[in-house]
Amino acid sequence: MWTQVSALLLLLACCLWSADAQSERRQSIWDEPIKFSTKAKDMCTMIITGHGEYTKLRLSCQSNKRSYWCEYIGKPYTCRPYNRDPRHYFVQMMWGLRKLHNACQAPREIKPFMCRKASDDSQMVFSSGSFPRSSPEASSRTAGRQAEQPARPQPRREPARPVPPRVRTTPRASPQPVTPPVESDAKRMAQQYCWTSLQGICSYFIGLIRK
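Please read all numbers here as calculations on a predicted model, not as lab measurements. (Residues numbered from 1 in each chain as written. Predicted model: local features only at pLDDT ≥ 70, side-chain atom pairs only at ≥ 80, totals over all residues. Heavy atoms only, no water.)

Q: Could you give me a rundown of the overall build of the protein, with the residues and numbers involved?
A: Check the secondary structure of the protein and you find six helices and six strands. Reading the protein from its N terminus to its C terminus gives the helix and strand order α-β-β-β-β-α-α-β-β-α-α-α. Residue burial in the protein is summarised as follows: out of 211 residues, 23% are buried. Long-range contacts, defined as pairs at least 24 residues apart, comprise 53% of the intrachain contacts of the protein with a sequence gap of at least 6. Counting only carbon and sulfur atoms, one obtains 56% of the accessible surface of the protein, whose full area is about 17000 Å². (Helix = DSSP H or I, 4+ residues; strand = E, 2+ residues; numbered from the N terminus. Buried < 20%, exposed > 50% of the residue type's maximum accessible area, 1.4 Å probe, protein only. Contact = heavy atoms within 4.5 Å. Areas by Shrake-Rupley, 256 points an atom, 1.4 Å probe, with all protein chains shown as cover.)

Q: Give me the sheet that holds strand S2 (residues 43-49): which residues, what numbers.
A: Taken in spatial order, the six strands make up an open sheet running S1-S2-S3-S4-S6-S5, and their pairing is antiparallel. The sheet is open, and its two edges are formed by strand S1 (34-37) and strand S5 (109-110), each paired on a single side. Both S5 and strand S6 (residues 124-129) contribute to a ladder of two bridges, which runs antiparallel. Counted as the bridge partner of Glu 109 is Val 125 from S6. Across the sheet, helix H3 (residues 86-97) is in contact with S1, S2, strand S3 (55-62), strand S4 (67-74), S5 and S6; its angle to S1 comes to roughly 15 degrees. (Pairing = 2+ DSSP bridges. Axes fitted to C-alpha atoms, helices over the stretch in contact; angles between N-to-C directions.)

Geometric descriptors of this kind do not, in isolation, establish any biological role.
Written as structure tokens, this is what we have:
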């Protein structure tokens, strides 16, 4: 009789110890932050809060050169393995974050490997951060609009035409009117007073006289 009672008490103690251990393990995710360092040696801390409908994760990182933070929100309890080991869910999430230079530059939706078969409700979704972050939908729409716009034709440039050099023209001197030579007084007097056959001799002598 005592042997059966002892066995039952021992089994009950084991069950209670297992339940306490699981309770402590589940509570540790809320009480003990998960710490890690990124590829850029940033020291980061993961703090999980929220026991209700939504679970909130705040990620804070700091180094000698910078500090930043971001928050994720989700319903990880919809994943059955999460309910058995909540801390391991975020530990798997941390394994991906530690490979980045900036832990807050992770994908907008993160679903750890242990919940790969669960619905998308179990994933953690980026909600806010210390720096703006464009959504992939907006970036895809922007890229689509740029792809739809036809390329504008480049203006056609005509080859430059050679300009002939300017020739400097020098003004030509206008020709002076040619004035008929003035007949000498001796010749004129010879024409007046001498015969035609003797005009040359007369003009010669008249010229000698007028000198």
